[in-house]
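Structure at a glance
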Amino acid sequence: MFDRQLVIGRDSGTGDLVQIAADKSQRILVCGKTGTGKSYTLGVCIEELARLAEDILLVIDAQGIFWSMADANAVPSEVDKLWGFDRNPRPFLVNLMVPGDPVERFGDREIVDAMGQKGIHIESMRLNPSDLTPEMWCDLFDLNINELQGIMLFKAVRQCGRRLGRDFFLDDISAEVDRLSGLDQTKEAVQRKIDMAHDWQIFAEDHYREIWEILKPDYVNILDLSVISQGRYGLRNLVLAVLATFIFRRRTIARRREALNLPADTKKVWLVIDEAHNFCPSGRSTLSKEVLIRWAKEGRQPGLSLLVASQQPAAIDSEILTQCGIRIVHRITSKDDFRAVNSLSQDYLGDGLAAQIKRLSGPGEALVIDDQQETVVSTQVRPRQSQHGGGSA
């Protein structure tokens, strides 16, 4: 049987390989302050998942750095060390998903052409308005469904769904608002919000396209959210919420079919989120937070795995953190972050976790904590096979 292990690095003391089991659904946290190698380690994990090439791999890239995986690592000092891990420098197949028009988002046709010359498959991704529930549309504009604007938008979206199924778009919602009875002032306010949604250029305008059609097996699927601003309405969170909700639903159906020995063509999914504190923050709501908590808590059964990374683990909601049975912890110094990581400690860790974290010094040094194995291993993370795009300019 193929060894489904993620090779992370070597034990700093014994030199033994440090590996993470990937034979079942996992929840993993990677954290560390700036400059300690958090993004680099996340890249190593993505490479290992891509090597297995059995599940759909979706990377949420808030910084626009992971497209560089299309190039092989060319740093001599790192390449020389790769052979000791039975790895070689190599590029990875990258499917770069861009919300909206890629040329407009990157601001330069030459950038898009240069990425294409590297073999990067660039995919324009637009959300289907029908993939948002009436409640999600109201949440998007922070409308109360018990107040006039919220009631009108809710009714309009619901009526579109009933009349047109999944094949309705922003203009259909607008036309439905016009047909509803209500104050002209309320209609005008809702229409302004629909016009705003048009201006965002992230919604499909003329045909429904399943999100599953955009994800490519055997590729590193990277959703580049750096090209759109978060803004007042949380557009980055919206895009992630729609994708995660759709995937969760599809995998739940597929799992039932598998249990009944029926054919199912929907693969299991690894969702990798960099800067995760922006999408599932502690102490406040976002459009994506609820579905990510559900993914973390309920996603094991349908085969949904989660890997979250952050410089600020304390800023991630505790309902996500407490599900992470594996933590890769680089050096942290914030008292809040110490408390957040230490609060996840199990009995087998004793009282020395904080001291072990403080002893971490150089970039690439981390503690790999595995609750199932009840181990904590001081680890030197292996070199990257592909080019690291997270360095400073």
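Keep in mind that this is a model prediction, so the values were computed, not measured.

**Looking at the pairing of strand β12 (residues 375-381)**
In this structure, strand β1 (residues 5-11) lies alongside β12, joined through three bridges in antiparallel fashion. Within the sheet, the bridge partner assigned to aspartate 11 lies in β12 and is threonine 379. Where strand β11 (residues 365-370) lies against β12, six bridges are found, and the strand directions are antiparallel. When the bridges of β12 are listed, alanine 366 appears paired with threonine 379. Between β11 and the antiparallel strand that follows it, β12, lie four residues; glutamate 374 among them carries a positive phi value of about 55°.

**Notes on the sheet that holds strand β6 (residues 121-125)**
Strand order in the open sheet formed by 12 strands is β2-β1-β12-β11-β10-β3-β9-β8-β4-β7-β5-β6, with mixed pairing between adjacent strands. Edge positions in the open sheet fall to β2 (17-21) and β6, since each of these has one partner strand only. Pairs of neighbouring strands in the sheet enclose a mean axial angle of 25°, with direction left out of account. Across the sheet, helix α10 (residues 235-259) lies against β4 (56-61), β6, β7 (220-224), β8 (269-273) and β9 (304-310), angled at about 160° from β8, the strand it touches most.

**Digging into the packing of aromatic side chains**
One pass over the structure, following the stated rule, counts four aromatic pairs. Taking the centre distance of 6.4 Å and the plane angle of 20° together, the rings of tryptophan 137 and phenylalanine 141 count as stacked. Assigned by exposure class, tryptophan 137 and phenylalanine 141 land together as buried. Between phenylalanine 248 and tryptophan 295, the aromatic rings sit 6.5 Å apart at their centres with planes inclined by 65°, giving edge-to-face as the arrangement. Highlighted residues: phenylalanine 248 in helix α10 and tryptophan 295 in helix α11 (residues 289-298), separated in sequence by 47 residues. We classify phenylalanine 248 as buried; its relative accessible area is 4%. Assessed through its relative accessible area of 0%, tryptophan 295 is described here as buried. An aromatic cluster is defined as three or more aromatic residues linked by ring pairs; in this entry it consists of Trp137, Phe141, Trp200 and Phe203. Its guanidinium or amino end placed over the ring of phenylalanine 85, arginine 10 lies 4.9 Å from that ring's centre, counting from NZ or CZ. We note lysine 358 situated over the ring of phenylalanine 338; from NZ or CZ to the ring centre the distance is 5.7 Å.

**Some points on the pairing of strand β3 (residues 27-31)**
Regular strands show a simple pattern: their side chains alternate between the two faces of the sheet. Where burial is concerned, most of β3 is hidden: five out of the five residues are buried. Judged by which residues are buried, β3 turns out to be covered on both faces: Arg27, Leu29 and Cys31 on one side and Ile28 and Val30 on the other are all buried. As defined by bridge partners, β3 adjoins β9 across five bridges and the pair is classed as parallel. Directly across from arginine 27, in β9, lies its bridge partner leucine 306. With four bridges joining them, β3 and strand β10 (residues 326-329) adopt parallel strand pairing. Looking across to β10, one finds that valine 30 is bridged to isoleucine 328.

**Some words on the pattern of salt bridges**
Tallied over the entire structure, the rule returns 24 salt bridges. In this structure, glutamate 54 and arginine 4 form a salt bridge, with 2.8 Å as the shortest nitrogen-oxygen distance. One end of the pair, glutamate 54, is in the loop between α1 (38-52) and β4; the other, arginine 4, is in the segment before β1, with 50 residues separating them in the sequence. The exposure class of arginine 4 is buried, given its relative accessible area of 12%. The salt bridge involving glutamate 319 is made with lysine 297; its shortest N-O contact spans 2.3 Å. Highlighted residues: glutamate 319 in helix α12 (residues 318-321) and lysine 297 in helix α11, separated in sequence by 22 residues. Salt bridges sharing partners connect three or more residues here, namely Glu47, Glu48, Arg51, Arg87, Arg382 and Arg384.

**With respect to the nonpolar core**
Core analysis: the largest hydrophobic core is formed by 123 residues, its most contacted members being Trp137, Ile173, Phe203 and Ile273. Examining the composition of this core, we find that 11 residues originate from one element, α10, more than from any other. Apart from residues no more than four positions distant in its own chain, isoleucine 273 is found in contact with Ile60, Leu240, Phe279, Leu292, Leu306, Leu307, Val308 and Ala309.

**Some remarks on the side chain of serine 305**
In this structure, serine 305 sits in strand β9. When near neighbours in sequence (up to four residues on either side) are disregarded, serine 305 contacts Lys24, Ser25, Gln26, Arg27, Val269, Trp270, Leu271 and Trp295.

**Describing the side chain of serine 310**
Looking at the element boundaries, serine 310 is found in strand β9. For serine 310, the side chain forms a polar contact with the main-chain nitrogen of glutamine 312, separated by 2.8 Å. Contacts of serine 310, omitting those with residues within four sequence positions, involve Val30, Cys31, Gly32, Lys38, Ala276, His277 and Ile316.

**Looking at helix α6 (residues 148-164)**
Residue pairs three or four apart in sequence face the same way in an α-helix, which turns once every 3.6 residues. With 17 residues, α6 extends 24 Å between its outermost C-alpha atoms, agreeing within 8% with the 24 Å of an ideal straight helix rising 1.5 Å per residue. Turning to α6, its buried residues number three or more, namely Gly150, Met152, Leu153, Phe154, Ala156, Val157 and Cys160. In the core, the buried residues of α6 are packed alongside α5 (134-140), α7 (170-179) and α8 (184-200). Of the residues trailing α6, glycine 165 is marked for its positive phi of about 70°.

Conventions we followed
Residue positions are counted from 1 within each chain, in the order its sequence is given. Per-residue local features are limited, in this predicted model, to residues with pLDDT of at least 70; the limit for side-chain atom pairs, both in listing and counting, is 80 or more; totals at the level of whole chains, interfaces and linings are taken over all residues. By convention in this description, side-chain values take in all heavy atoms of the structure and omit both hydrogens and water. Paired strands, as defined in this entry, are two strands with at least two bridges between them according to DSSP. In this description a helix means any DSSP run of H or I spanning at least four residues, a strand means any run of E spanning at least two, and both kinds are numbered starting from the N terminus. All axes here are fitted lines through C-alpha atoms, helices being fitted over the stretch that makes contact, and every angle between N-to-C directions spans 0 to 180 degrees. Between two residues, a contact is recorded if the distance between any of their heavy atoms is within 4.5 Å. By convention, a stacked pair of Phe, Tyr or Trp rings (six-membered ring in the case of Trp) has centres within 6.5 Å and planes under 30 degrees apart, an edge-to-face pair has planes over 60 apart, and any other such pair is tilted. The cut-offs for exposure are 20% and 50% of the maximum accessible area for each residue type, with area from a 1.4 Å probe on protein chains only; residues under the lower value are buried, those over the upper are exposed, and the others partly exposed. The criterion is that NZ of a Lys, or CZ of an Arg, lies within 6 Å of the ring centre and within 35 degrees of the ring normal, and then a charge sits over that ring. By convention in these notes, a salt bridge is any Lys or Arg side-chain nitrogen within 4 Å of a carboxyl oxygen on Asp or Glu. Only buried residues count toward a nonpolar core, which is a set of Ala, Val, Leu, Ile, Met, Phe, Trp, Tyr and Cys residues joined through side-chain atoms within 4.5 Å. For the purposes of these results, a polar contact is taken to be a pair of N or O atoms within 3.5 Å, where, inside protein, one atom must be able to donate a hydrogen and its partner to accept one; residues adjacent in sequence count only when each atom of the pair is a side-chain atom. Residue count minus one, scaled by 1.5 Å, sets the expected span of a helix.

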